[in-house]
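Remarks on the overall topology
For reference, the chains in residue letters:
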Protein chains: 4
Amino acid sequence: MELQVENTMAAALGFELLELGEASARGRFPVEDRVRQPFGIVHGGAYAAMAETIVSAATHLAVMGNGELAMGQSNHTSFLRPVSAGFVHAEARVRHRGRTSWVWEVDFADDQGRLCALTRVTMAVRPAPPQSSTPST
Amino acid sequence: MELQVENTMAAALGFELLELGEASARGRFPVEDRVRQPFGIVHGGAYAAMAETIVSAATHLAVMGNGELAMGQSNHTSFLRPVSAGFVHAEARVRHRGRTSWVWEVDFADDQGRLCALTRVTMAVRPAPPQSSTPST
Amino acid sequence: MELQVENTMAAALGFELLELGEASARGRFPVEDRVRQPFGIVHGGAYAAMAETIVSAATHLAVMGNGELAMGQSNHTSFLRPVSAGFVHAEARVRHRGRTSWVWEVDFADDQGRLCALTRVTMAVRPAPPQSSTPST
Amino acid sequence: MELQVENTMAAALGFELLELGEASARGRFPVEDRVRQPFGIVHGGAYAAMAETIVSAATHLAVMGNGELAMGQSNHTSFLRPVSAGFVHAEARVRHRGRTSWVWEVDFADDQGRLCALTRVTMAVRPAPPQSSTPST
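This section reports on the structure supplied with the text. (Residues numbered from 1 in each chain as written. Chains lettered and ligands numbered in written order. Predicted model: local features only at pLDDT ≥ 70, side-chain atom pairs only at ≥ 80, totals over all residues. Heavy atoms only, no water.)

Observations regarding the overall build of chain A
When helices and strands are counted, chain A shows two helices and six strands. Going from the N terminus to the C terminus, chain A shows its helices and strands as α-β-β-α-β-β-β-β. Projecting the C-alpha coordinates of chain A onto the three principal axes gives extents of approximately 45 × 30 × 25 Å. Every one of the 137 residues in chain A was classed for burial, and the buried ones make up 54%. The distance from the centre of the 12 positive side-chain charges to the centre of the 14 negative ones in chain A is 7 Å. (Helix = DSSP H or I, 4+ residues; strand = E, 2+ residues; numbered from the N terminus. Buried < 20%, exposed > 50% of the residue type's maximum accessible area, 1.4 Å probe, protein only. Lys, Arg positive; Asp, Glu negative; His and termini not counted. Charge placed at Lys NZ, Arg CZ, Asp CG, Glu CD.)

Regarding the sheet that holds strand β6 (residues 115-127) of chain C
Taking strand neighbours across the sheet as the criterion, the 12 strands line up as β1(C)-β2(C)-β4(C)-β5(C)-β6(C)-β3(C)-β3(D)-β6(D)-β5(D)-β4(D)-β2(D)-β1(D) in an open arrangement whose pairing is antiparallel. The open sheet has two free edges, formed respectively by β1 (16-20) of chain C together with β1 (16-20) of chain D, since each of these has just one partner strand. Direction aside, neighbouring strands of the sheet carry axes that sit 20 degrees apart on average. Note that β1(C) and strand β2 (residues 24-30) of chain C share four bridges and pair antiparallel. (Pairing = 2+ DSSP bridges. Axes fitted to C-alpha atoms, helices over the stretch in contact; angles between N-to-C directions.)

Topic: the interface of chain C and chain D
Listed as interface residues are 39 residues of chain C and, on the opposing side, 39 residues of chain D. The junction of chain C with chain D conceals about 3,100 Å² of combined surface from both sides, 69% of it contributed by carbon and sulfur atoms. Sorting the residues of chain C by area buried against chain D places C:Met9, C:Phe39 and C:Phe79 first, and these three jointly supply 22% of that buried surface. Where chain C meets chain D, there are zero salt bridges. Our count for the chain C to chain D interface comes out at 12 residue pairs in polar contact (both at pLDDT 80 or more). Looking at the side of chain C that touches chain D, the elements with two or more residues in it are α1 (9-12), α2 (44-63) and β3 (68-79) of chain C. Top contributing element to the side of chain C that touches chain D by residue count: β3(C), with nine residues. (Contact = heavy atoms within 4.5 Å. Buried area = accessible area lost by both parts, 1.4 Å probe. Salt bridge = Lys/Arg side-chain N within 4 Å of Asp/Glu carboxyl O. Polar contact = N/O pair within 3.5 Å; in protein donor to acceptor, adjacent residues only side chain to side chain.)

So, the interface of chain B and chain C
The interface is formed by 14 residues belonging to chain B together with 14 residues belonging to chain C. When chain B packs against chain C, close to 1,400 Å² is buried across both sides, 46% of that on carbon and sulfur atoms. Between the two partners, chain B and chain C, sit two salt bridges. B:Arg95 is the salt-bridge partner of C:Asp107, the closest N and O atoms lying 2.6 Å from each other. For the side of chain B that touches chain C, the elements supplying multiple residues, two or more each, are β3 (68-79), β4 (87-97), β5 (101-109) and β6 (115-127) of chain B.

Re the packing of α2(C) against helix α2 (residues 44-63) of chain D
α2(D) packs onto α2(C) with a crossing angle of 165 degrees between their chain directions and a minimal axis gap of 8 Å. When the axis of α2(C) is compared with that of α2(D), the two are roughly antiparallel. The crossing of α2(C) and α2(D) is right-handed. Across the interface between the two elements, C:Gly44, C:Gly45, C:Ala48, C:Ala49 and C:Glu52 from α2(C) touch D:Gly44, D:Gly45, D:Ala48, D:Ala49 and D:Glu52 from α2(D). Of the residues belonging to the contact of α2(C) with α2(D), the class tally is four nonpolar, four polar and two charged. (Parallel < 35°, antiparallel > 145°, perpendicular 65-115°, else oblique. Left-handed = near helix turned anticlockwise from the far one by under 90°. Nonpolar A, V, L, I, M, F, W, Y, C, P; charged D, E, K, R; others polar.)

Quick notes on the relation of the copies chain C and chain D
For the pair chain C and chain D, the superposition axis carries a translation of 0.0 Å, the fit reaches an RMSD of 0.0 Å, and the rotation angle comes to 180 degrees. Read as a symmetry element, the transformation amounts to a two-fold axis. Across chain C, the rotation axis passes nearest the C-alpha of C:His76, at a separation of 2.0 Å. Take the interface residues of chain C: 100% of them recur as interface residues in chain D, which is what a same-surface contact looks like. (Least-squares fit on C-alpha atoms with pLDDT ≥ 70 in both.)

Here's the deal with the pairing of strand β4 (residues 87-97) of chain C
Residue and element names in this part refer to chain C. Where β2 and β4 come together, seven bridges link them in antiparallel fashion. Bridging from a neighbouring strand, Pro30 pairs with Phe87 of β4. In this structure, β4 lies alongside strand β5 (residues 101-109), joined through eight bridges in antiparallel fashion. The residue of β5 that forms the bridge with Ala92 is Val106. Count of turn residues in the β4/β5 antiparallel hairpin: three residues.

Let's talk about the sheet that holds strand β5 (residues 101-109) of chain A
Sheet strands associate in pairs through backbone hydrogen bonding, adopting either a parallel or an antiparallel arrangement. Taken together, the 12 strands give an open sheet; going across it, the order is β1(A)-β2(A)-β4(A)-β5(A)-β6(A)-β3(A)-β3(B)-β6(B)-β5(B)-β4(B)-β2(B)-β1(B), and neighbouring strands pair in antiparallel fashion. Of all the strands in the sheet, the pair left with one neighbour each is β1 (16-20) of chain A together with β1 (16-20) of chain B. Direction aside, neighbouring strands of the sheet carry axes that sit 20 degrees apart on average. Helix α2 (residues 44-63) of chain A rests against β1, β2 (24-30), β3 (68-79), β4 (87-97), β5 and β6 (115-127) of chain A together with β3 of chain B of the sheet, and its axis sits at about 155 degrees to β3(A). In this fold helix α2 (residues 44-63) of chain B packs onto β3 of chain A together with β1, β2 (24-30), β3, β4, β5 and β6 of chain B, with an angle of close to 155 degrees to the strand it touches most, β3(B).

This is the structure we're talking about:
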């Protein structure tokens, strides 16, 4: 099953989704101007967005077969070390798979493997609306 | 004093910075594909990125005259209501201005004024490195 | 309707619950050794515990009439200013009342009205198990 | 070097500090009324307080030899599974040791080893005031 990512924020920022499992997920993005803030380092929002992207996609793929959908509820990112070049690598692992919420932790590293940021993401899991796989308001 | 935002993530996502004061800040962005996730609603990372953008810029402008710089330390965003069209409006207010950290809270609303997301941002404030206004690693 | 608080953590720490409404809640505690850390200032966990106490109680009282119960899901507290004497005053206001989750923000002040800590609490709201008003695992 | 914990919140709640290293820390507490909320399960504030206790103590012991002190800046706890009996076991590991802030993650488990809560704690590290090892306002 493919997630449509063309014409989305993930595509606009150059995010690459490398693994979307139910227990772990991985992605990366190259450090280009579109993910930089004015001082030339990676924008804090890029880490938050990447974490949200891979965790949402992985959770959604895991629960959709049960007639459920997953929506982001909370994203808490701590910024530890600035990155100005190369790639940013994201590794997510699931910490909790409850009936109504999943919790993931995501580590971000630079090309030298140094920890750059941490994110905790909480996903709400809910029954999908009938005859649709898309969330309504 | 102008912040250079061309060729940054804020520009890539269509963010508009409307006010960058030392006690409050405002911005907005139109809901276009570049801030959407695959289901057509605003990507959670867009809220986090907008909060980080206006709060970082506002704090930086406030402290740079003292020979200090501001860097994002933590960003915690809660997603309350999906938005699929119109603008997303961000209003930030400072809650704490300490010697070494500032804390802001940001409310996001849709065009009808309904609360869509909340962010708390913690900025670290540090002495700027000599002969430079940009942060080093 | 009274919540039973004897023999609970709130009682052990000297918490006073002053208002438990569906839109706002208030409490306070005196600064005594049982809420101090080794340096004599209020323990960070005391703020988190007070926020959790008043928000959980207020949400629970609001939803139990609908056959629902409320359980804490997330508590994020930022510590802004140490307090070593007097009372700590907590004021909570609800920011979101969704079908499945409520989000509150809590401000803490000292006797001089200075902001000392901030908490965001997310409560999960779920159908109560049949023939019981207590949460099961 | 011993930390004085008599007459503190940690003592009032029955917290046991088992290890206070610079890379990891451990503690536990028995599930008694003084850490319960009205429904008989462990109060969310107890997890937050335990995390704050062991991480603050471990960081402080690690930096005090450098003439520095550590103060809690942020505590974000997610509640995953209710516990009503036995012990709650906390294991903390440091994720970042910067010059001005340390970041720790804490896992909580019940006696069966099931994950019950997660905390991320950010500690601010600052020069100690002259002729004193205690933080001033």
